[in-house]
Amino acid sequence: MAEASRLAEDPQLLLLHAAGLGRASWDAVVERIPGFARTVAIDLPGHGGVPGLAYDRDVVPRLAEYVAERIAVLGLRRPHVVGHSLGGVIALELARRVPVSAVTALCAIGFRAACQASMCVVRTHAVVRVTATMGPRARGRLLARGLVRRLVMGSVSARPAALQAEVVAADMTSMISSDLPTLCRYARRYSVRAVEADDTTPVNLVWADQDRVVPLRDAVRARQVLPRAQHFVIPGSGHFVVRDDPEGAAAVIHACHAQLLWQRQADRRRGARGNVNPRRGN
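This one's a predicted model, so the numbers in the text were calculated from it and none came from an experiment.

Draft legend 1. Here's a closer look at the side chain of H47. Tracing the backbone through its elements, the reader meets H47 in the loop between β3 (39-42) and α2 (59-74). In this structure H47 comes out as buried when scored by relative accessible area, which is 2%.

Written out as structure tokens, the structure reads:
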């Protein structure tokens, strides 16, 4: 999924999905972001047919190394990296490895209220195991019921019954076919440190006020670890903010992206003024 830039000098946007989802989870968000940047979403290892890794406690750094390699293959140059959940903490880790224009992390793990997150993960894994025993058609018919969507997605969505049945079915299929259980087993042990992003890299941390996996109180530790980061809150959304409120997610990403453009233009104006060499009179 990529679209050409309207302005060749604009930063590029690289999107990293949550564990269990895939690059298609960004589709509804990308549709709502003005197309002034080249936008690329990739599948992480263990998703969308991409082979998984040898998972262990270093899974987040290894995933960041994989993304760094993909950036080189795709020919991206200093992209603005946007990540959701696991993708958010990968984006922060990635900033240690390659030059990026900015990091915007939505509902990023790694700051964490571990007990609450663990309970949500256990419940989600149980739901995935149960639905995996059904065929796609039976699963689709079952998820057509609002009550079932509430039971299935209640841990990660603030309004699961309002989600489209086909979208939930696609997400469940993605989670079933992914390395979600193993990924979560190790990734939830990861803790963001102050060195995860360079001080010169703009960092935007986006929270959802109904998130049960990454609750708002995680922002307290995030401010201690990354004191220069900007914080945004999307109201009325759960952990799967790309599903609950794709318009709100797009608006925040666009605002962060536009701020990056404005800062780049301001830096160029200051540079132009600093390089003026007035001609001396004869």
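Additional details are given in the paragraphs that follow.
Draft legend 2. Examining a positive patch on the surface more closely. A contiguous patch of positive charge, built from R57, R185, R188 and R189, is present on the exposed surface. Following the sequence through the fold, R188 ends up in the loop between α8 (180-187) and β6 (203-208). Judged by relative accessible area, R188 falls into the partly exposed class, the value being 38%.

Draft legend 3. The pairing of β3, seen in detail. Residues T39 and A41 point to one face of β3 and V40 and I42 to the other, with burial holding for every one of them. With 4 bridges connecting them, strand β2 (residues 13-16) and β3 associate as parallel partners. Counted as the bridge partner of L15 is A41 from β3.

Draft legend 4. Local environment of unusual backbone geometry. Unusually for a residue other than glycine, R78 sits at a positive phi of about 50°. Following the sequence through the fold, R78 ends up in the loop between α2 and β4 (80-84). In this structure R78 comes out as partly exposed when scored by relative accessible area, which is 38%. Even without glycine at this site, S85 takes up a positive phi of about 60°. Checked against the element boundaries, S85 lands in the loop between β4 and α3 (86-94). You can call S85 buried: its relative accessible area is 7%.

Draft legend 5. The environment of A165, seen in detail. Mapping A165 onto the fold places it in helix α7 (residues 165-177). In this structure, the C-alpha to C-alpha distance between A165 and V148, residues 17 residues apart in sequence, is 9.8 Å. In this structure, A165 is in contact with L143, A144 and R149, ignoring residues within four places of it in sequence.

Draft legend 6. Focus on the nonpolar core. With 63 residues, the main nonpolar core has V67 and L86 as its most contacted residues. With 8 residues, the top contributor of residues to this core is α2. Setting aside anything within four residues of it in sequence, one finds L86 in contact with H17, A18, A19, V60, L63, I109, L183 and A187. In this structure, L13, L106, I234 and A249 belong to the second largest nonpolar core, which totals 20 residues.

Rules used in this analysis
Residues numbered from 1 in each chain as written. Predicted model: local features only at pLDDT ≥ 70, side-chain atom pairs only at ≥ 80, totals over all residues. Heavy atoms only, no water. Helix = DSSP H or I, 4+ residues; strand = E, 2+ residues; numbered from the N terminus. Buried < 20%, exposed > 50% of the residue type's maximum accessible area, 1.4 Å probe, protein only. Patch = residues over 30% accessible without salt bridge, like charges linked within 9 Å, V, L, I, M, F, W, Y side chains within 5 Å. Areas by Shrake-Rupley, 256 points an atom, 1.4 Å probe, with all protein chains shown as cover. Salt bridge = Lys/Arg side-chain N within 4 Å of Asp/Glu carboxyl O. Lys, Arg positive; Asp, Glu negative; His and termini not counted. Charge placed at Lys NZ, Arg CZ, Asp CG, Glu CD. Pairing = 2+ DSSP bridges. Contact = heavy atoms within 4.5 Å. Core = buried A, V, L, I, M, F, W, Y, C linked by side-chain atoms within 4.5 Å.

Geometric values such as these leave the question of function open.
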